[in-house]
Amino acid sequence: MRIGILSDGPDLSAYLAEIFNTWGLVLYEMVGQDLISEMDPEDMPVVVCPASQGSHSLVDYARRGGTVICFLPEGPLAEAAGLAYEGEKDVPLRLRITAYQASGIAGERFPIVGRANNYSPAPGVQVLGYFSYTDRYEGESVGVTETPVGQGRIVAFAFDLALCVLLLRQGDPNLAEVIPEGTGCARPSSLAINIGPSDSGWVPFADLLSRLFVDTVRRYLPGPVPLLSHLPGMAPGILLYSGDEDNADVASNDAEFECVAAAGGRMNLYIIPNRTKSTVSDVERYRVQHDVGPHPNLRPLDGCSISERLTEFERQIRMFQDQFDTPARSLRNHCTAWAGYLEPVEVMEKLGVGMDGNYFSGTYGYGREDAPYAAFGGAMPMRFCWPDGRVLNVFQQHTQLADDIMFGTADYSYRLSPQVFVAVLDRIFTDIETRFHTPFGVCIHPGNWVRFSRPQGRELLRQANERRFPIWSFDQWLTFWEARDTWRFNGMTRQGCRLQFALEGERSHDALCLAIPAKDSKTSLVEIKLDGERAEWQTVRRYGEDLALVPVPLRKTAISVSVMYGSSAKLVLTTQDFTEK
Ligand SMILES: [Zn+2]
């Protein structure tokens, strides 16, 4: 059993695949249009069709019992889905899911940007969610629909979900090099696309929207399907800790390092190579407990061309690597100075930098929103992608909090006292632990740590420990994410109550777990076997679903997994029978 992603490029099929990777539904395969007509819905129960694709053969596949999940359907697909096209819809919109619980959402609406259509549904079309405008009462229309077609169905999103997630997470390409007055340089924060009134900044809306897509696919698969857990071990959340060195002296670095290590954590220090006071031997010492990465300073080139800034960006990354004889794994720029749209990411990809930390939440220069997911709604690491569908092999990890912005004295700061921050952080971490299960990325500068942000920094560490969130550096997180990225579910079959598949990957990681649904309609999980051996699991609740977490065995590249569901009453009886004999 596999999930098909129709790929007849140029389209966002690779970004849809990246969404599957992000949430660990690594059971998909790219398929060409020509294969659809012979596709057996038993082998491939769901086919995902990117926007601007579609054909008669997809409609036939639905009639034969398959589920087609599509975006902005046109022509025969729209006709079979019972949707009459009535023009494009103005964005931004809000999407309200009405038919089922959307993971992580408790009454909030999804901001929708990019392309959306007005459809009028024929009788028999089930509406799963509605669009509304952010500034008007009138104009509600269908946002997500399900239509029975023959023995199968068509599930249609009235917007381009992949493009929407991309634009929310990465910002609007039309805003590249637009610099808000008085802010000095181009920054990712200035790229944030207009989502209308900011009612969603307390929710990682872009990521929960991508999760909504994954859950939609899962709903139409026959029976429960495992995921690769996106968090280390049994953790319900994770704190990603970093600090930009700027002009800090070695003693300030050591003061913060010591505190993070004492809390059982590890942090990244981002260093400006031609400005640092840390010597080669200091950095060697830092790296025993922590990680270092470059902090390229593009500010002296404010006003220079994109290509001049990119050349300097590359030069400083190389300088960092040469100076400290260590690869640049993740990075953040000084003042998050940027160039163009994704051009700096192209440079990172070329140099093998695996993770970017430049996208700060917040609305610096054009608003005063300090909610943790304001502006981008992103928290999960996902690869960057050009709007034409070209995915870049660099993970975009948003940073939700910076000490100068939240606790500093500058006019742009929100100036939260330590007392106020205790309650704010409690809200953020409660939501992560119980609803979102997404990372929380922070930048606490060592120079600020010794001047004003130590109390709030210690509070971050304390609350993370209290909730059993691991405290990891960005590099450490990247290593986990790169290892996880190599694993796939192959040859999945279901016979009665037994689900079997091969778990295949290239890189082991001791925190990598399988997340197996603990329930299958009326039955429960009774046994998990890895390579024929019974495995222990721990049941956790994630997004309202009970999941059994099982560590992926180390030093193996292929593991046969067998999962058995049954009625627990029956199981007790069987044990009794066995004892009596
Ligand atoms: Zn800096």
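Please read these numbers as outputs of a predicted model, since none were measured by experiment.

1. What to know about the overall build of the protein
Across its full length, the protein carries 15 helices and 31 strands. Along the three orthogonal principal directions, the C-alpha set of the protein runs to about 70 × 70 × 45 Å. Looking at the protein residue by residue over its 581 residues, the buried ones come to 61%. Pairs at least 24 apart in sequence give 74% of the contacts found in the protein among residues at least 6 apart. Of the roughly 22,200 Å² that the protein leaves accessible, carbon and sulfur atoms contribute 49%.

2. Structural notes on the coordination of the zinc ion
Summarising the metal site, the zinc ion is bound by the protein donors Asp246 (OD), His295 (NE2) and His334 (ND1), whose distances to it range over 2.0 to 2.1 Å. We note that the donor set of the zinc ion lies within a single chain, spaced as D-x48-H-x38-H. Placement of the pair is Asp246 in the loop between strand S13 (238–244) and helix H7 (250–262) and His295 in the loop between strand S15 (291–294) and helix H9 (306–324), with a sequence separation of 49 residues. Neither Asp246 nor His295 differs from the other in exposure class; each is buried.

3. Topic: the pattern of salt bridges
Proximity of charged atoms lets side chains of opposite charge pair with each other. Applying the stated criterion to the full structure yields 33 salt bridges. Salt-bridge contacts for Arg329 lead to Glu482; the nearest nitrogen and oxygen are separated by 3.0 Å. Highlighted residues: Arg329 in the loop between H9 and strand S16 (330–331) and Glu482 in helix H14 (residues 474–484), separated in sequence by 153 residues. Ionic pairing is found between Glu527 and Arg534, a salt bridge with its closest N-O pair at 3.5 Å. Overall, the relative accessible area of 14% leaves Glu527 in the buried class. Through salt bridges with shared partners, one network takes in Arg211, Asp215, Arg218 and Glu545.

4. Some points on the domain arrangement of the protein
One can read the domain layout of the protein as domain 1 (3–171 + 207–219), domain 2 (229–359 + 397–482) and domain 3 (486–580). The straight-line distance from the C-alpha centre of domain 1 to that of domain 3 is 30 Å. The interface of domain 1 with domain 3 comprises 11 residues on the first partner and 7 residues on the second. Here domain 1 packs against domain 3, burying approximately 750 Å² in sum over the two surfaces, 57% of which is carbon and sulfur. Contact with domain 3 buries surface across domain 1, with Val26, Leu27 and Arg218 losing the most and accounting together for 56% of the total. Linking domain 1 with domain 3 are 1 salt bridge. Between domain 1 and domain 3 we count 3 residue pairs in polar contact (both at pLDDT 80 or more) in total. Only helix H1 (13–23) and helix H6 (205–219) provide two or more residues apiece to the side of domain 1 that touches domain 3. It is H6 that provides the largest number of residues to the side of domain 1 that touches domain 3, a total of 3 residues. Split by residue class, the side of domain 1 that touches domain 3 holds 5 nonpolar, 4 polar and 2 charged.

5. Details of H7
The end-to-end C-alpha separation of H7 is 18 Å, in line with the 18 Å expected for 13 residues at 1.5 Å each. All of the buried residues in H7 are Val250, Ser252, Asn253, Glu256, Phe257, Cys259 and Val260. Looking at the buried side of H7, the elements it contacts are S13, strand S14 (268–271), helix H8 (280–289), helix H13 (446–466) and strand S22 (471–472).

6. Some thoughts on the pairing of strand S18 (residues 382–385)
Bridging between S18 and strand S19 (residues 391–396) involves 3 bridges; their strand directions are antiparallel. In the strand pairing of S19, Met382 is matched with Gln396. Linking two consecutive strands that pair antiparallel, namely S18 and S19, is a turn of 5 residues; a positive phi of about 105° is found at Gly389 within it.

7. Concerning the packing of helix H12 (residues 418–436) against H13
Across the interface, H12 lies against H13 with an axial gap of 10 Å and an inter-helix angle of 30°. Overall, the two elements H12 and H13 adopt an arrangement that is roughly parallel. The handedness of the crossing between H12 and H13 is right-handed. Judged by residue contacts, Pro418, Phe421, Val422, Leu425, Asp426 and Phe429 of H12 engage Pro455, Gln456, Glu459, Leu460, Gln463 and Ala464 from H13. Each residue belonging to the contact of H12 with H13 can be placed in one class, and the counts come to 8 nonpolar, 2 polar and 2 charged.

8. Brief notes about the pairing of strand S24 (residues 498–504)
A regular strand places its side chains on the two faces of the sheet in alternate fashion. Residues of S24 alternate between two faces, with Leu499, Phe501 and Leu503 buried on one and Arg498, Gln500, Ala502 and Glu504 left unburied on the opposite face. Bridge analysis of strand S23 (residues 488–495) against S24 gives 6 bridges, and the strand direction is antiparallel. Considered in S24, the bridge of Phe489 is made with Leu503. Where S23 folds back onto S24 in an antiparallel hairpin, the turn is made up of 2 residues, including Gly496, whose phi is positive at roughly 60°. Pairing between S24 and strand S31 (residues 558–566): 7 bridges, direction antiparallel. Of the residues in S31, the one forming a bridge with Gln500 is Ser562.

9. Observations concerning the sheet that holds strand S17 (residues 355–356)
The 4 strands are arranged S16-S17-S19-S18 in an open sheet whose pairing can be described as mixed. Two strands close off the open sheet at either side, each with one partner strand: S16 and S18. With 2 bridges joining them, S17 and S19 adopt parallel strand pairing. Across the sheet, residue Asp356 finds its bridge partner in S19, namely Gln396. Of the strands in this sheet, S16, S17, S18 and S19 are in contact with helix H10 (residues 343–351), which crosses S19 at around 95°.

10. What about the environment of Pro439?
Mapped onto the fold, Pro439 is located in strand S21 (residues 439–443). By relative accessible area, which is 0% here, Pro439 ends up buried. In this structure the C-alpha to C-alpha distance between Pro439 and Ser413, which are 26 residues apart in sequence, comes to 23 Å.

11. Concerning the state of the cysteines
Considering all chains together, one arrives at 0 disulfides under this definition. With no disulfide of its own, Cys443 lies closest to Cys335 among cysteine sulfurs, the gap being 11 Å.

12. Regarding the sheet that holds strand S30 (residues 545–551)
Taken in spatial order, the 4 strands of this open sheet run S12-S25-S30-S29, and their pairing is antiparallel. The open sheet terminates on both sides in strands that have one partner only, identified here as strand S12 (227–228) and strand S29 (538–542). Where S12 meets strand S25 (residues 513–517), 2 bridges bridge the pair, whose relative direction is antiparallel. Within the sheet, the bridge partner assigned to Leu227 lies in S25 and is Ala515.

13. Quick word on the packing of aromatic side chains
Evaluated as defined, the whole model comprises 26 aromatic pairs. Taken together, a centroid distance of 4.8 Å and an interplanar angle of 55° make the contact between Phe257 and Tyr286 tilted. Here Phe257 is found in helix H7, whereas its partner Tyr286 is found in helix H8, with 29 residues between them in sequence. Under the relative-accessibility criterion, Phe257 is labelled buried at 5%. When the ring of Tyr364 is compared with that of Tyr412, the centres are 5.4 Å apart and the planes differ by 70°; the resulting orientation is edge-to-face. One end of the pair, Tyr364, is in the loop between S17 and S18; the other, Tyr412, is in the loop between helix H11 (403–407) and H12, and 48 residues separate them in sequence. Three or more aromatic residues joined by ring pairs make a cluster, and in this case those are Phe20, Tyr28, Phe71, Phe131, Phe157, Phe159 and Phe213. In this structure, Arg219 packs its charged tip against the face of Tyr100, placed 3.5 Å from the ring centre.

About the cut-offs
Residues numbered from 1 in each chain as written. Predicted model: local features only at pLDDT ≥ 70, side-chain atom pairs only at ≥ 80, totals over all residues. Heavy atoms only, no water. Helix = DSSP H or I, 4+ residues; strand = E, 2+ residues; numbered from the N terminus. Buried < 20%, exposed > 50% of the residue type's maximum accessible area, 1.4 Å probe, protein only. Contact = heavy atoms within 4.5 Å. Areas by Shrake-Rupley, 256 points an atom, 1.4 Å probe, with all protein chains shown as cover. Donors = N, O, S within 2.8 Å, 3.2 Å for Na, K, Ca; no water. Salt bridge = Lys/Arg side-chain N within 4 Å of Asp/Glu carboxyl O. Domains from an automatic or database assignment. Buried area = accessible area lost by both parts, 1.4 Å probe. Polar contact = N/O pair within 3.5 Å; in protein donor to acceptor, adjacent residues only side chain to side chain. Nonpolar A, V, L, I, M, F, W, Y, C, P; charged D, E, K, R; others polar. Expected span 1.5 Å × (residues − 1). Pairing = 2+ DSSP bridges. Axes fitted to C-alpha atoms, helices over the stretch in contact; angles between N-to-C directions. Parallel < 35°, antiparallel > 145°, perpendicular 65-115°, else oblique. Left-handed = near helix turned anticlockwise from the far one by under 90°. Disulfide = S-S within 2.5 Å. Phe/Tyr/Trp six-rings, centres within 6.5 Å; stacked < 30°, edge-to-face > 60°. Lys NZ or Arg CZ within 6 Å of the ring centre and 35° of its normal.

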